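Now for the letters of each chain:
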Amino acid sequence: NDFWKHALATGICSRMLAKRCGYLNPEEAFTCGLLHDIGKLVLHELDKKHLHAITETARAKSQSFLATEFELGTLNHCTLGKLLASRWGLPQSIVSVIEHHNSKYEELGGLPEEHRRLVQIVGLANLVAVHHKIGNSGNYSNGFYSEEKCFELGLQKNQVQEIGEAVLREFS
């Protein structure tokens, strides 16, 4: 379905971005991209009506799923995903990505450097997948990503755009 299509696109894009920016374990980036929104599945199991309300509000306001969660005052999918990933005993790098993939760079200061880099890769890959409308995870923003976000990974925006187009072709 659309959720898994988005997750797979984010995973593929994460792997490609990781290779392009010299991250040492592109397959770890793929796994993190695939699992980044796992908290939304927790929400689906716990309260389908609430998940539907978040998604419909996000759609009506053309905004992100996370912004809508905050607006509605709910426990967000990043926290739910972190709790599940921790309970499953997943590596801390994956837990960090699930918890922080929507965070700004300035908010990542408490993470080890290798986790910060992985969070940045998956966060950007997520935006690229949203921007290209590959699948749907309930994020109805435009998926805008800045030149600065690309530069933080040592990439130019046109390089990231090329990767996004390559991922889009994988799903065409």
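Use the structure listed above.
Residues numbered from 1 in each chain as written. Predicted model: local features only at pLDDT ≥ 70, side-chain atom pairs only at ≥ 80, totals over all residues. Heavy atoms only, no water.

## A few points about the layout of surface pockets
Move 1: Considered as a void within the structure, the largest pocket measures approximately 530 Å³ in volume.
Move 2: If you trace the largest pocket, you find 26 residues lining it, with Asn102, Ser103, Lys104, Leu127 and Lys149 closest to the centre.
Move 3: At the level of secondary structure, the elements contributing two or more residues to the lining of the largest pocket comprise α5 (65-72), α8 (113-131) and α9 (147-151).
Move 4: For the lining of the largest pocket, a count of residues per class yields seven nonpolar, eleven polar and eight charged.
Move 5: By volume, the second largest pocket amounts to about 260 Å³.
Move 6: Lining the second largest pocket are 14 residues, with Phe3, Leu51, Thr55, Asn136 and Ser137 sitting closest to its centre.
Move 7: Mapped by element, the contributors of at least two residues to the lining of the second largest pocket are α1 (2-21), α3 (38-46) and α4 (48-61).
Move 8: The biggest single contributor to the lining of the second largest pocket is α4, with four residues. (1 Å grid on protein atoms, 1.4 Å probe; cavity = no way out; pocket = protein on both sides within 12 Å on 5 of 7 lines; lining within 4 Å. Points joined across faces, edges and corners; volume = space filled by probe spheres on them. Helix = DSSP H or I, 4+ residues; strand = E, 2+ residues; numbered from the N terminus. Nonpolar A, V, L, I, M, F, W, Y, C, P; charged D, E, K, R; others polar.)

## Things to note about the nonpolar core
Move 1: In this structure, Cys13, Leu17, Ile121, Leu124, Tyr145, Val160 and Val167 are the most contacted members of the largest nonpolar core, which totals 43 residues.
Move 2: When residues of this core are traced back to their parent elements, those giving at least two are α1, α2 (26-35), α3, α4, α6 (77-88), α7 (92-100), α8 and α10 (157-170).
Move 3: Counting residues per element, this core draws most heavily on α8, which supplies nine residues.
Move 4: For Leu124, the residues in contact, after removing those within four places along its chain, are Leu17, Tyr145, Lys149, Cys150, Leu153 and Val160. (Core = buried A, V, L, I, M, F, W, Y, C linked by side-chain atoms within 4.5 Å. Buried < 20%, exposed > 50% of the residue type's maximum accessible area, 1.4 Å probe, protein only. Contact = heavy atoms within 4.5 Å.)

## Concerning the packing of aromatic side chains
Move 1: Under the counting rule described, the total for this entry stands at one aromatic pair.
Move 2: Ring geometry for Phe3 versus Trp4: centroids 5.1 Å apart, planes at 85 degrees, classification edge-to-face.
Move 3: For Phe3, a relative accessible area of 12% puts it in the buried group.
Move 4: Owing to a relative accessible area of 38%, Trp4 belongs among the partly exposed residues under this scheme.
Move 5: Over the ring of Phe30 we find Arg15; its NZ or CZ atom is 4.4 Å from the centre of that ring.
Move 6: A cation sits over an aromatic face here: Lys40 above Phe65, 4.3 Å from the ring centre. (Phe/Tyr/Trp six-rings, centres within 6.5 Å; stacked < 30°, edge-to-face > 60°. Lys NZ or Arg CZ within 6 Å of the ring centre and 35° of its normal.)

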